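What the coordinates show
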Amino acid sequence: MKSEKAALPLDTIIAGDCVKAMNALPAASVDLIFADPPYNLQLKGELHRPDNSRVDAVDDAWDRFDGFSAYDRFTRDWLKAARRLLKPDGALWVIGSYHNIFRVGAAVQDLGFWILNDVVWRKTNPMPNFRGKRLTNAHETMIWAARTDRSKYCFNYDALKALNDGVQMRSDWEMPLCTGGERLKTDSGEKAHPTQKPEGLLHRILIGSTQPGDVVLDPFFGTGTTGAAAKRLGRRWIGIEREADYIKAARARIADVVPAGPEALVVTASKRKEPRVPFGRVVERRMLEPGEVLESLNGRHRARVRADGTLITADAAGSIHQVGAAVEGAPSCNGWTYWHFRRDGRRVPIDVLRQQIRAEMTA
């Protein structure tokens, strides 16, 4: 019997209609879906700059629908197929503009997905509003949703925090449009795709919501930004695309990608996922002895270690967290970082001992 992953056309572009292609794949076989569907821009005629030069806007056949009802049917069809493909703990990212994202969002909720965040991609170099009748459209919106409200979706919180220079990642992402050498061009020098996304956007999404080896599917593959980012980051990918020119460009692009080595793909692990270590384990292991004195982070308070893994002061007794909170008059306290012991004249946080035990547990 073949494994679930063996039954999937991994690292492959499937040519054809996305709904039919998704319905032909095994159910519950994909970890993440990134979707950049047609925006249904409803452009009325060509768009020109003030110098009368033509703007290379989205006017392709794949972005034309006979009204909102037709677009809504299309949206529900592909979302339903996508939800069938996701594993129970899988998740969806879908990007859009004001033309379509609100309709897509309603369908996402109606079909049972559980919205986790809406993320604003703020473009540092947006296209101006040439007609001067509206505000410059300087952002797009992404919806991040779990398959259900019970899904234990992947979220690499600490990895995203590290990616953001140690600051918690927010839901507004500042990033330029795809320009320069990253922008794919045809042999005649024109854009290979009118809405090619910057690879940095997919890098952040994959780092934050997948693990190396996870399967990522993009049902509107275009010129392969998702596949290129996935290959570079050690994820498996599947693309679905119906336009032959886009498929050709995507295959050439992805073939040139050199994946990072396994050691470079390890992301900062969430502390919440680390093995739980009771303070009593430290005492059992004689890493600290009963009767040993601990000092507070600020050096103002002291407590003695008891044989059962609790602490005692003149006025309080209990766990390392309870006693820390008591002596500080605070509602809570992380005892692991608050209490310190002395070694060779230096104060060392007791968390060092916990990390030593954890390293042994996972070795």
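Criteria and thresholds
- Residues numbered from 1 in each chain as written.
- Predicted model: local features only at pLDDT ≥ 70, side-chain atom pairs only at ≥ 80, totals over all residues.
- Heavy atoms only, no water.
- Pairing = 2+ DSSP bridges.
- Helix = DSSP H or I, 4+ residues; strand = E, 2+ residues; numbered from the N terminus.
- Axes fitted to C-alpha atoms, helices over the stretch in contact; angles between N-to-C directions.
- Parallel < 35°, antiparallel > 145°, perpendicular 65-115°, else oblique.
- Left-handed = near helix turned anticlockwise from the far one by under 90°.
- Contact = heavy atoms within 4.5 Å.
- Nonpolar A, V, L, I, M, F, W, Y, C, P; charged D, E, K, R; others polar.
- Buried < 20%, exposed > 50% of the residue type's maximum accessible area, 1.4 Å probe, protein only.
- Core = buried A, V, L, I, M, F, W, Y, C linked by side-chain atoms within 4.5 Å.
- Domains from an automatic or database assignment.
- Polar contact = N/O pair within 3.5 Å; in protein donor to acceptor, adjacent residues only side chain to side chain.
- Phe/Tyr/Trp six-rings, centres within 6.5 Å; stacked < 30°, edge-to-face > 60°.
- Lys NZ or Arg CZ within 6 Å of the ring centre and 35° of its normal.

1. Describing the sheet that holds strand S13 (residues 339-343)
Two strands in a sheet stick together by hydrogen bonds in their backbones, pointing the same way (parallel) or opposite ways (antiparallel). Strands sit in the order S12-S11-S10-S9-S13-S14 across an open sheet of 6 strands; the sheet is antiparallel. This sheet does not close on itself; its edge strands, each paired only once, are strand S12 (317-318) and strand S14 (346-349).

2. Description of the packing of helix H6 (residues 225-232) against helix H7 (residues 244-255)
Interhelical geometry of H6 versus H7 gives an angle of 15° and a closest axis separation of 9 Å. By the angle between their directions, the pair H6 and H7 is classed as roughly parallel. For the crossing formed where H6 meets H7, the hand is right-handed. Every residue of H7 that contacts H6 at Thr225, Gly227, Ala228 and Lys231 is listed here: Arg253, Ile254 and Ala255. Of the residues in the contact of H6 with H7, the class split is 3 nonpolar, 2 polar and 2 charged.

3. Here's the deal with the pairing of strand S10 (residues 302-305)
In this sheet, S10 lies alongside strand S9 (residues 293-296) in antiparallel orientation, the contact comprising 3 bridges. Following the sheet pairing, valine 293 is matched in S10 by arginine 304. Counting the residues in the hairpin turn of S9 and S10 gives 5 residues, including glycine 299, whose phi is positive at 80°. With 2 bridges joining them, S10 and strand S11 (residues 311-312) adopt antiparallel strand pairing.

4. Quick look at helix H9 (residues 320-328)
Every buried residue belonging to H9 is among Ile320, Val323, Gly324 and Ala325, and all of these are buried. Where H9 is buried, its residues contact helix H8 (279-284), S10, S11, S12, helix H10 (335-338) and S13. In the stretch just after H9, glycine 329 is the one whose phi turns positive, near 65°.

5. Here we look at unusual backbone geometry
One non-glycine residue with positive phi stands out, namely alanine 28, at about 55°. Within the fold, alanine 28 resides in the loop between helix H1 (18-23) and strand S2 (30-35). Taking the relative accessible area as the measure of exposure, alanine 28 reaches 29% and is therefore partly exposed. Its identity is not glycine, yet aspartate 165 carries a phi of approximately 60°, on the positive side. Locating aspartate 165 in the fold gives a position in the loop between helix H4 (157-163) and strand S6 (172-175).

6. Considerations on the nonpolar core
Counting residues in each nonpolar core, the largest one holds 35 residues, and the members touching the most others are Trp93, Met142, Trp173 and Leu201. Considering every element that reaches this core, the biggest residue donor is helix H5 (residues 199-209), with 5 residues. Residues contacting tryptophan 93, with those up to four places away along its chain left out, are Leu32, Ile33, Phe34, Ala35, Val119, Met142, Ile143, Trp144, Trp173, Ile205 and Ser209. If you look at the next biggest cluster of nonpolar residues, it comprises 32 residues, including Cys18, Val104, Ala145 and Ile240.

7. Some words on the domain arrangement of the chain
Domain annotation for the chain reports domain 1 (12-269) and domain 2 (274-362). Measuring from the centre of the C-alpha atoms in domain 1 to the corresponding centre in domain 2 gives 47 Å.

8. Some words on the side chain of glutamate 292
Following the sequence through the fold, glutamate 292 ends up in the loop between H8 and S9. Of note is the side chain of glutamate 292, whose polar atom sits 2.9 Å from the side chain of arginine 343. Once residues within four sequence positions are removed from consideration, glutamate 292 is found in contact with Ala303, Arg304, Val305, Phe341 and Arg343.

9. Digging into the packing of aromatic side chains
The final tally for this structure, using the stated rule, is 11 aromatic pairs. Linked through ring pairs, Trp93, Trp144, Tyr153, Phe155, Tyr157 and Trp173 together constitute an aromatic cluster. One Lys or Arg, arginine 83, reaches over the ring of phenylalanine 113 and ends 5.8 Å from the middle of that ring. Over the ring of tryptophan 121 we find lysine 123, and its NZ or CZ is 5.2 Å from the ring centre.

10. Notes on the sheet that holds strand S8 (residues 236-241)
Taken in spatial order, the 8 strands of this open sheet run S1-S8-S7-S2-S3-S5-S4-S6, and their pairing is mixed. Whereas interior strands pair on both sides, the edge strands pair on one side only; in this sheet they are strand S1 (12-15) and S6. Ignoring which end each strand starts from, the neighbouring axes of this sheet average 20° apart. The pairing of strand S3 (residues 86-96) with strand S5 (residues 139-146) spans 6 bridges and is classified as antiparallel. Counted as the bridge partner of isoleucine 95 is methionine 142 from S5. The sheet contacts of H7 involve S1 and S8, and relative to S1 the element is tilted by about 175°.

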